[in-house]
Number of protein chains: 2
Amino acid sequence: MDLDLNNKIISFVGSDEGKWNIISIKTICGDPLPVCKRVDIREGYDFPGGIKADWILKAFKSNLRYTTREEKTLLDKKSRALGQPEYDYAALIPIKKSDDWWLLTQDERREIFEEDSQHIKISSQYLTMISRQLHHSRDLGEAFDFITWFEFSSSHLSQFDELCNTLRKTKEWEYVIRETDIRVEKMQ
Amino acid sequence: MDLDLNNKIISFVGSDEGKWNIISIKTICGDPLPVCKRVDIREGYDFPGGIKADWILKAFKSNLRYTTREEKTLLDKKSRALGQPEYDYAALIPIKKSDDWWLLTQDERREIFEEDSQHIKISSQYLTMISRQLHHSRDLGEAFDFITWFEFSSSHLSQFDELCNTLRKTKEWEYVIRETDIRVEKMQ
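Residues numbered from 1 in each chain as written. Chains lettered and ligands numbered in written order. Predicted model: local features only at pLDDT ≥ 70, side-chain atom pairs only at ≥ 80, totals over all residues. Heavy atoms only, no water.

### Considering the environment of Tyr126(A)
All names here are of chain A.
Inference 1: Its location among the elements puts Tyr-126 in the loop between helix 4 (119–124) and strand 6 (130–136).
Inference 2: Judged by its relative accessible area of 8%, Tyr-126 falls in the buried class.
Inference 3: Excluding residues within four positions of it along the chain, Tyr-126 makes contact with Gln-159, Glu-162 and Leu-163. (Helix = DSSP H or I, 4+ residues; strand = E, 2+ residues; numbered from the N terminus. Buried < 20%, exposed > 50% of the residue type's maximum accessible area, 1.4 Å probe, protein only. Contact = heavy atoms within 4.5 Å.)

### Observations regarding the pairing of strand 3 (residues 38–43) of chain A
Residues and elements named next belong to chain A.
Inference 1: Where strand 1 (residues 9–15) meets strand 3, 6 bridges bridge the pair, whose relative direction is antiparallel. If you follow Val-13 over to strand 3, its bridge partner there is Asp-40.
Inference 2: Two strands pair when backbone bridges link them, and strand 2 (residues 20–29) and strand 3 are joined in this way by 2 bridges, in the antiparallel orientation. When the sheet's bridge partners are listed, Asn-21 is paired in strand 3 with Arg-38. (Pairing = 2+ DSSP bridges.)

### What to know about the environment of Val39(B)
Inference 1: Checked against the element boundaries, Val39(B) lands in strand 3 (residues 38–43).
Inference 2: A sequence separation of 53 residues divides Val39(B) from Leu92(B), and the C-alpha atoms of the two residues are 9.0 Å apart.

### Description of the pattern of salt bridges
Residues and elements named next belong to chain B.
Inference 1: A full pass over the atoms with the stated rule returns 22 salt bridges over all chains.
Inference 2: Note that Asp-181 and Arg-168 form a salt bridge whose closest N and O atoms lie 3.0 Å from each other. One end of the pair, Asp-181, is in strand 8 (residues 176–186); the other, Arg-168, is in helix 5 (residues 157–168), with 13 residues separating them in the sequence.
Inference 3: Taking the relative accessible area as the measure of exposure, Asp-181 reaches 3% and is therefore buried. (Salt bridge = Lys/Arg side-chain N within 4 Å of Asp/Glu carboxyl O.)

### A closer look at the interface of chain A and chain B
Inference 1: Of the residues lining the interface, 36 residues belong to chain A; the matching set on chain B comes to 36 residues.
Inference 2: Roughly 3200 Å² of surface becomes buried between chain A and chain B when both sides are summed, with 52% attributable to carbon and sulfur atoms.
Inference 3: The tally of links between chain A and chain B comes to 4 salt bridges.
Inference 4: In this structure, Glu108(B) and Arg69(A) form a salt bridge, with 2.7 Å as the shortest nitrogen-oxygen distance.
Inference 5: Our count for the chain A to chain B interface comes out at 16 residue pairs in polar contact (both at pLDDT 80 or more).
Inference 6: Of the residues that constitute the side of chain A that touches chain B, the class distribution is 15 nonpolar, 7 polar and 14 charged. (Buried area = accessible area lost by both parts, 1.4 Å probe. Polar contact = N/O pair within 3.5 Å; in protein donor to acceptor, adjacent residues only side chain to side chain. Nonpolar A, V, L, I, M, F, W, Y, C, P; charged D, E, K, R; others polar.)

### Describing the packing of aromatic side chains
Inference 1: In total, this model carries 16 aromatic pairs over all chains according to the counting rule given.
Inference 2: Both rings, one in Trp20(B) and one in Trp149(B), keep their centres 5.1 Å apart while their planes meet at 80°; by these two values the pair is edge-to-face. With Trp20(B) in strand 2 (residues 20–29) and Trp149(B) in strand 7 (residues 146–152), the pair connects residues that are 129 residues apart, well separated along the chain. Taken individually, Trp20(B) and Trp149(B) each receive the classification buried, so the pair is uniform in this respect.
Inference 3: Here a set of aromatic residues connected by ring pairs shows up, and it is made of Tyr89(A), Phe150(A), Phe152(A) and Phe160(A).
Inference 4: When the ring centre of Trp101(A) is taken as reference, the NZ or CZ atom of Lys97(A) above it lies at 3.8 Å. (Phe/Tyr/Trp six-rings, centres within 6.5 Å; stacked < 30°, edge-to-face > 60°. Lys NZ or Arg CZ within 6 Å of the ring centre and 35° of its normal.)

### Looking at empty space enclosed by the protein
Inference 1: Enumeration according to the criterion identifies 2 cavities of 30 Å³ or more in this entry.
Inference 2: Here the largest cavity is characterised by a volume of approximately 70 Å³.
Inference 3: As for the largest cavity, its lining consists of Arg65(A), Tyr66(A), Trp102(A), Gln106(A), Arg109(A), His136(A), Phe146(A), Asn63(B) and Arg65(B).
Inference 4: Considered class by class, the residues forming the lining of the largest cavity number 3 nonpolar, 3 polar and 3 charged. (1 Å grid on protein atoms, 1.4 Å probe; cavity = no way out; pocket = protein on both sides within 12 Å on 5 of 7 lines; lining within 4 Å. Points joined across faces, edges and corners; volume = space filled by probe spheres on them.)

### Section: the relation of the copies chain A and chain B
Inference 1: For the match of chain A to chain B, the screw axis carries a shift of 0.0 Å, the RMSD comes to 0.0 Å, and the turn is 180°. What we have between these two chains is a two-fold relation. In terms of proximity to the rotation axis, the leading residue of chain A is Arg65(A), whose C-alpha is 3.7 Å off the axis.
Inference 2: The fraction of interface residues of chain A whose copies in chain B are also interface residues reaches 100%, indicating that both copies meet through the same surface. (Least-squares fit on C-alpha atoms with pLDDT ≥ 70 in both.)

### Focus on the side chain of Thr170(B)
Inference 1: By the secondary structure assignment, Thr170(B) is in the loop between helix 5 and strand 8.
Inference 2: Relative accessible area serves as the criterion here: at 11%, Thr170(B) is assigned to the buried category.

### Looking at the pairing of strand 8 of chain B
Residues and elements named next belong to chain B.
Inference 1: In terms of burial, strand 8 is largely enclosed, as 8 of its 11 residues are buried.
Inference 2: Sheet topology note: the strand 2/strand 8 ladder contains 8 bridges and is antiparallel. What sits directly across from Ile-22, in strand 8, is Val-184.
Inference 3: Where strand 5 (residues 89–97) meets strand 8, 7 bridges bridge the pair, whose relative direction is antiparallel. Looking at the pairing, Lys-97 lines up with Val-176 of strand 8.

### Regarding a negative patch on the surface
Inference 1: On the surface, Glu70(A), Asp107(B), Glu111(B), Asp116(B) and Glu174(B) cluster together into a patch of negative charge.
Inference 2: For the negative patch, the leading source of residues is helix 3 (residues 106–116) of chain B, giving 3 residues.
Inference 3: Tracing the backbone through its elements, the reader meets Glu111(B) in helix 3.
Inference 4: We classify Glu111(B) as partly exposed; its relative accessible area is 46%. (Patch = residues over 30% accessible without salt bridge, like charges linked within 9 Å, V, L, I, M, F, W, Y side chains within 5 Å. Areas by Shrake-Rupley, 256 points an atom, 1.4 Å probe, with all protein chains shown as cover. Lys, Arg positive; Asp, Glu negative; His and termini not counted. Charge placed at Lys NZ, Arg CZ, Asp CG, Glu CD.)

Shape descriptors only; they carry no functional weight alone.
What follows is the structure, encoded as structure tokens:
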């Protein structure tokens, strides 16, 4: 009957060790994360003997919160799984939204998220080049609300920057009060 | 940076001790919960020295997932806080929904939840008599998906039964694969 957190939670671990080499850690807004050399993605919540880390960001995958069936059909057609052989780059982007966002009702958040900011429509244009997985943190009492992991080929770096810049200009992003953009490359 | 689960998670503890005396534990569908004498509501996830319990159901409060602004305005007008002096009865109802439910998109779930099953509309008719708090469990990997705690006066027991019976006949409830209905009274 205990929480099976080790079966559900993923930990993004920033330290001197790990499979992804950090190229840059850029604070977009809010408090910065400590700088470190590597990122590792580990399944689980508890690690026997503990972990020596500069930071650990914990989160879970969940059901869809805004996507409609029509949008999902389109997204599924274009989406590619993480781990494609040509994916030598990745980005780890944790964000936190304001209380104002969380006090909105579902219809108000959806209106800002898609009808105004076109989060799904904009992102879907990049899905054949950029794979991603959203994770939720807020309900765990973590410092960030969402942690998205993106993977892509370094030949599509400019497209990834374009995607980030476009989303950051939307109305949805006016509710983002903390964001860090961590770029990594796969270790040989 | 560690999960502050003790700040966020509530544990419903079934054992021989606690502030609420169990009158009945009825399995509506799916696996039963072990029978015990009392329920206690404890804040937190980790308890120093552990807890001797027949079961522990862990969950968190979260943001609204389906409610529109119009509905929330109506609900807020009628809702009363838990802990009213006349509330001598309570019910703890954990439910689990099928994978079919969770594979639906947001618009499909909302359509079943409200436009078809009128979950909010039906429930709102009882809000002046029955107070409630929804908690989420699924994202913690728990056995149930939702745990709702209701409080009311024993003079409104028949209205509470009516509410439960009405909701259990809806299309939404066709997706409920495990449900236990635990009725309790406040210890003097």
